[in-house]
Each structure stands twice: as structure tokens, then as C-alpha cells.
Amino acid sequence: MKTGFGLMLAALGVGLSTTVIADDDVDRFSDSFDWYGSVSASYLNVGGDLEFFGNTASVYGGTPTIDMDDGGRLSLAFGIKAPQGWRLEGDVGYLTLNSDADQVFGLDDRAEDSFSVDAEIESLVFMLNGIYDFDIGNQKILPYVKAGVGVARNKATQALLDVNYVAPIWDGSIFEGESLTGYAYPEAEVTEFVWNVGAGLRLQLSRKFSLAFEYGFTDLGEAVTGTDENGDALGITDLNTQQLTLGLTYDF
């Protein structure tokens, strides 16, 4: 994902290098309907905790929550500009999100046990966004706000668990002093309702190209692994992202 994110930024840079500063006579608030397309890359600050669910967590307790690492998103959008600064666009985005794989300690009777989870979530998101461009009397700089709703297909593609057991969790101290390495939970995917809000600045580079800088928030619902033979799973119940986005738009 890091390679793809870097390639996208490079592509945006090439697009910028081939454009010229917008002409003063370009009217961005005409009464016509005009089509546009855009490509963007986002840095994601991921919210939500990865938690243990199922028999082991409910019977023995003491399992920790796992933080999420930062992620990335690549997006394509196609939309229409309406009169007086309104826009309506469809957006499809591909996200990759990872858990923090550092070791964390359990709670209560399992405070000496250490856990590490290497989990990866892939999400394909389809959004319908409404956008309003503010006319501030400057045709080169256009602030805007946006809001949208859609669906996401959240897939847990990997969830590997390492545990160093110190405290016994079963009668007879079955796991005392033992380790569990590379235990894999089954893959699974869910479809979730999602929504987003955001605000940004659009800089006109030429009659055809504009560059957008945007901050946004997206609620992605949840992502859960499959349930293993012991009736256990891992899941994130409040998965969300704050994103900083750089996008390049072409007006047809």
C-alpha cells in the first residue's frame, strides 16, 4: 500500500508540473452543468480498537484492546457541477488498515500475559457526495464543504495472534508458561453503511485542472474476522478515519 500511495502522489505531481496558472476569465460559477473526474490519495489516522470476542474472552476475561496504525486510501471520483457552486459526485475508494502489532499486556488476572495481533483490513468504499463551493470572489481559490453516504465492504484479510501465557487460564494450568505464535483467525467480510463529512480548498491551476487539499472524517462501521473452532473472533466495532487528502481534478 505504501508503494501505491507513493505512486499516486508522484502522479499528482506530474499532473501539477504540466499545468499553468488559471486565467482570470475562467468562470467557476456558471449556470451550466459540467462533468469532471478526479483522482486522490489520502493519509488516514484510524480510530477504533481491535477487541477479542467469543468464548475465551467472555469466560476468562482479561483480554486487551489493540490500537490501530495509520493507513492509506486511493480514490477515483466522477461528478457533475451544478449552477451556483453545487456539485454531486460518486466516489470509489480502496483503503488498507492495519493493527498496531506491538505487544500489549492483558488485564486483571491476565495482567502478566502479553498479546500481539497483526491484523489487516481492506475496505472498498462507494460514496455519493454532495459538495458546495463557496464563491469568495477569487476564481483561483475555492473553499468547499462536503458530506456523503454510501456502503463499504470491510474485509479482515489477516489476523495473526501471538500470546505469551504467564497466568493459567484453565484448570490444571494448561497454558501456564506456554506461548502461542502465529495463530490465524479466519478471513471474513461485512457490508456496512458509511458516511463522511469534510472541508477543503480547491486551487485552479488551469482551465481544465484543479488541485484539492481536504480534511475529512469517515465512519466505516465495523470489521470482524471469522469465528474459529473455539467460538472466538477479533473485531473493530467503531472503525473510523480522519483523512488528509490531496486530489487532482480534470474538468471535461
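For the structure, see preceding data.
No experiment lies behind these values; they were computed from the predicted model shown.

### Thoughts on the side chain of glutamate 89
Next up, step 1: Position of glutamate 89 relative to the elements: it lies in strand E4 (residues 86-98).
Next up, step 2: Here glutamate 89 sits buried without a salt bridge, and the closest side chain of opposite charge, lysine 146, lies 4.0 Å off (N-O distance).
Next up, step 3: A polar side-chain atom of glutamate 89 sits 2.7 Å from a polar atom in the side chain of tyrosine 36.

### Quick notes on the packing of aromatic side chains
Next up, step 1: Applying the stated criterion to the full structure yields 9 aromatic pairs.
Next up, step 2: Relative to phenylalanine 217, the ring of tryptophan 195 lies with its centre 5.5 Å away and its plane at 50°, an arrangement referred to as tilted. Within this pair, whereas tryptophan 195 is found in strand E9 (residues 188-204), its partner phenylalanine 217 is found in strand E10 (residues 209-224), the two being separated by 22 residues in sequence.
Next up, step 3: Here phenylalanine 217 falls in the partly exposed class, since its relative accessible area comes to 22%.
Next up, step 4: Ring geometry for phenylalanine 209 and tyrosine 250: centres 5.3 Å apart, planes at 65°, overall edge-to-face.

### Some thoughts on a nonpolar patch on the surface
Next up, step 1: Together, Phe134, Ile136, Ile141, Val145, Leu201, Leu203 and Phe213 make up an exposed nonpolar region whose accessible area comes to about 570 Å².
Next up, step 2: If you trace the backbone, phenylalanine 213 turns up in strand E10.

### Some details on the pairing of strand E6 (residues 114-133)
Next up, step 1: For E4 and E6, the ladder comprises 13 bridges, and the chain directions are antiparallel. Its bridge partner lying in E6, tryptophan 86 is registered against tyrosine 132.
Next up, step 2: Sheet topology note: the strand E5 (residues 104-105)/E6 ladder contains 2 bridges and is antiparallel. Looking across to E6, one finds that valine 104 is bridged to phenylalanine 115.
Next up, step 3: Bridging between E6 and strand E7 (residues 141-164) involves 20 bridges; their strand directions are antiparallel. Paired with phenylalanine 115 across the two strands is valine 163, which belongs to E7.

### Some details on the environment of asparagine 55
Next up, step 1: Positionally, asparagine 55 belongs in helix H2 (residues 55-60).
Next up, step 2: Remark: the alpha-carbon pair of asparagine 55 and asparagine 230, spanning 175 residues in sequence, is separated by 7.0 Å.
Next up, step 3: When residues no more than four places from it in sequence are discounted, the contact partners of asparagine 55 are Tyr60, Asn230, Gly231 and Asp232.
Next up, step 4: A polar contact is formed between the side chain of asparagine 55 and the backbone oxygen of asparagine 230, at a distance of 2.7 Å.

### A few points about the side chain of lysine 146
Next up, step 1: Within the secondary structure layout, lysine 146 lies in strand E7.
Next up, step 2: Given a relative accessible area of 13%, lysine 146 falls into the buried group.
Next up, step 3: Within the structure, the side chain of lysine 146 is placed 3.5 Å from the side chain of glutamate 214, a separation counted as a polar contact.

The rules behind the values
Residues numbered from 1 in each chain as written. Predicted model: local features only at pLDDT ≥ 70, side-chain atom pairs only at ≥ 80, totals over all residues. Heavy atoms only, no water. Helix = DSSP H or I, 4+ residues; strand = E, 2+ residues; numbered from the N terminus. Buried < 20%, exposed > 50% of the residue type's maximum accessible area, 1.4 Å probe, protein only. Lys, Arg positive; Asp, Glu negative; His and termini not counted. Salt bridge = Lys/Arg side-chain N within 4 Å of Asp/Glu carboxyl O. Polar contact = N/O pair within 3.5 Å; in protein donor to acceptor, adjacent residues only side chain to side chain. Phe/Tyr/Trp six-rings, centres within 6.5 Å; stacked < 30°, edge-to-face > 60°. Patch = residues over 30% accessible without salt bridge, like charges linked within 9 Å, V, L, I, M, F, W, Y side chains within 5 Å. Areas by Shrake-Rupley, 256 points an atom, 1.4 Å probe, with all protein chains shown as cover. Pairing = 2+ DSSP bridges. Contact = heavy atoms within 4.5 Å.

Scope: geometric values only; no functional claims are made or implied.
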